[in-house]
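Here is what each chain is made of, one letter per residue.
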Amino acid sequence: MAAAGLAEALLAQGRLADAVAAVEQIPEEVAVDRNHATGIHLLRARGQVRAATGDHEGALSSLRLCAQRLAELDMDSPTWCGWRAVAVESLWALGRVEEARELAATELAVAEQKAGASMLGQALRVAGEVAATDGIALLERSVDVLTGSQARLQEARSRVALGAALRRTGQRVQGREQLRIGRELAHRLGARLLTERASTELALAGGDDYELLFTARPTARKRLRAVERQLGELPITRIGVVTRGSTVVLGTSSGDRDLPAGFEHFRQNGVLRHPGTD
């Protein structure tokens, strides 16, 4: 179980390559040994790592095996080895929306009966993030459950999720407050990826009308579609390609023409800052 726990901690820190190495170094026979409980946690951790790399089909394969092993032992409890939350996120990323919502509802029902603050707060967050309606209410309850508990990382995740949901519904002021608290918690806990997500959401909640321009490899298309679903009403649109050179060229029906250099919206006096962080 130590390797599984290490992999999960490394993921929170954004050290994906190290997390992959942590789960891959364990012999396969440990994972499939039905007399060894370590294999169950390894399957869960392997699912988390594969999801983080964008291999959501592989993640679901590992998590299904984890669920099967738990069912055989009659130990399907989120307090001991929670697997559904990761599976929900992978189903959502693959566009299997109804399956994701059904599994999230099942996890919430189980957590309501058995789990403490950490697992219940997580189940509420996951259900809220994929809910068709009442998502914000679920996320607000998640934050309430986790506030004051020892589950600080789960609290940070729920605050960032709530802030993002509020931002998407136009409640930018309330969203920024949750995002600030969530980002500060995540930063203190060393959760680099969550800190970055909160910073991005704060930029989107800044109140100005602008679009973020970024580049990505063609192989990242599926992952970008998953991000697009997470962003709700904000579509991701391909507008061009990157080639060798130092200029920006606009292609039109009458020919190509060079465009002037742009500027960085969040840079003031040489310092890069995010809106709403004064």
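Up top is the structure these notes are about.
Calculation criteria
Residues numbered from 1 in each chain as written. Predicted model: local features only at pLDDT ≥ 70, side-chain atom pairs only at ≥ 80, totals over all residues. Heavy atoms only, no water. Helix = DSSP H or I, 4+ residues; strand = E, 2+ residues; numbered from the N terminus. Contact = heavy atoms within 4.5 Å. Areas by Shrake-Rupley, 256 points an atom, 1.4 Å probe, with all protein chains shown as cover. Disulfide = S-S within 2.5 Å. Buried < 20%, exposed > 50% of the residue type's maximum accessible area, 1.4 Å probe, protein only. Core = buried A, V, L, I, M, F, W, Y, C linked by side-chain atoms within 4.5 Å. Expected span 1.5 Å × (residues − 1). 1 Å grid on protein atoms, 1.4 Å probe; cavity = no way out; pocket = protein on both sides within 12 Å on 5 of 7 lines; lining within 4 Å. Points joined across faces, edges and corners; volume = space filled by probe spheres on them. Nonpolar A, V, L, I, M, F, W, Y, C, P; charged D, E, K, R; others polar. Axes fitted to C-alpha atoms, helices over the stretch in contact; angles between N-to-C directions. Parallel < 35°, antiparallel > 145°, perpendicular 65-115°, else oblique. Left-handed = near helix turned anticlockwise from the far one by under 90°.

Quick look at the overall build of the protein chain now. Across its full length, the protein chain carries 14 helices and 4 strands. Counting only contacts in the protein chain whose residues sit at least 6 apart along the sequence, the fraction spanning at least 24 positions is 54%. On the protein chain, roughly 15900 Å² of surface is accessible, and the fraction owed to carbon and sulfur atoms is 52%.

The tally for this structure, following the rule as stated, stands at 0 disulfides. Cysteine Cys66 remains unbridged, with the sulfur of Cys81 as its closest cysteine sulfur at 3.8 Å. Here Cys66 falls in the buried class, since its relative accessible area comes to 0%.

Moving on to the nonpolar core. In this structure, Cys66, Trp83 and Val88 are the most contacted members of the largest nonpolar core, which totals 28 residues. Among the elements of the structure, α4 (38-52), α5 (56-73), α7 (84-93), α8 (97-114) and α9 (117-130) are those that each provide at least two residues to this core. Non-local contacts of Trp83, meaning those with residues more than four positions away in its chain, are made with Arg44, Leu63, Cys66, Ala67, Leu70, Asp76 and Leu103. Residues Ala4, Leu10, Ala22 and Leu42 belong to the second largest nonpolar core, which totals 12 residues.

Let us look at helix α13 (residues 192-204). Between its terminal C-alpha atoms α13 stretches 19 Å, which fits the 18 Å expected from 13 residues at 1.5 Å a residue. All of the buried residues in α13 are Leu194, Thr195, Ala198, Ser199, Glu201, Leu202, Ala203 and Leu204. Where α13 is buried, its residues touch α11 (152-168) and α12 (172-188).

Let us look at the layout of surface pockets. Taken as a whole, the second largest pocket holds about 180 Å³ of empty space. Around the second largest pocket sit Gly54, Asp55, His56, Glu57, Ala93, Leu94, Gly95, Lys222, Arg223, Arg225, Ala226 and Arg229, which together line it. Those elements that place two or more of their residues in the lining of the second largest pocket are α5 and α14 (221-230). At 5 residues, the largest contribution of residues to the lining of the second largest pocket is made by α14. Tallied by class, the residues present in the lining of the second largest pocket amount to 3 nonpolar, 3 polar and 6 charged.

To continue, consider the packing of α8 against α9. Viewed as axis vectors pointing N to C, α8 and α9 meet at an angle of 155°, and their least axial separation amounts to 9 Å. Accordingly, the angle class assigned to the pair α8 and α9 is roughly antiparallel. Considering only the axes of α8 and α9, their crossing is left-handed. Mapping the contact onto sequence places Ala100, Arg101, Ala104, Glu107, Leu108, Ala111 and Glu112 in α8 and Met119, Leu120, Ala123, Leu124, Val126, Ala127 and Val130 in α9. When the residues that make up the contact of α8 with α9 are grouped by side-chain class, the tally is 11 nonpolar, no polar and 3 charged.

Here the focus is the environment of Gln171. Position of Gln171 relative to the elements: it lies in the loop between α11 and α12. Separated by 34 residues in sequence, Gln171 and Ala205 place their C-alpha atoms 8.7 Å apart. Residues within four places of Gln171 in sequence aside, it is in contact with Ile136 and Leu166.

We now examine unusual backbone geometry. The backbone phi angle of Asp74 is positive, close to 55°, even though this residue is not glycine. On the secondary structure map, Asp74 appears in the loop between α5 and α6 (78-81). In this structure, Asp134 takes a positive phi of about 60° despite not being glycine. Along the polypeptide, Asp134 turns up in the loop between α9 and α10 (135-146).

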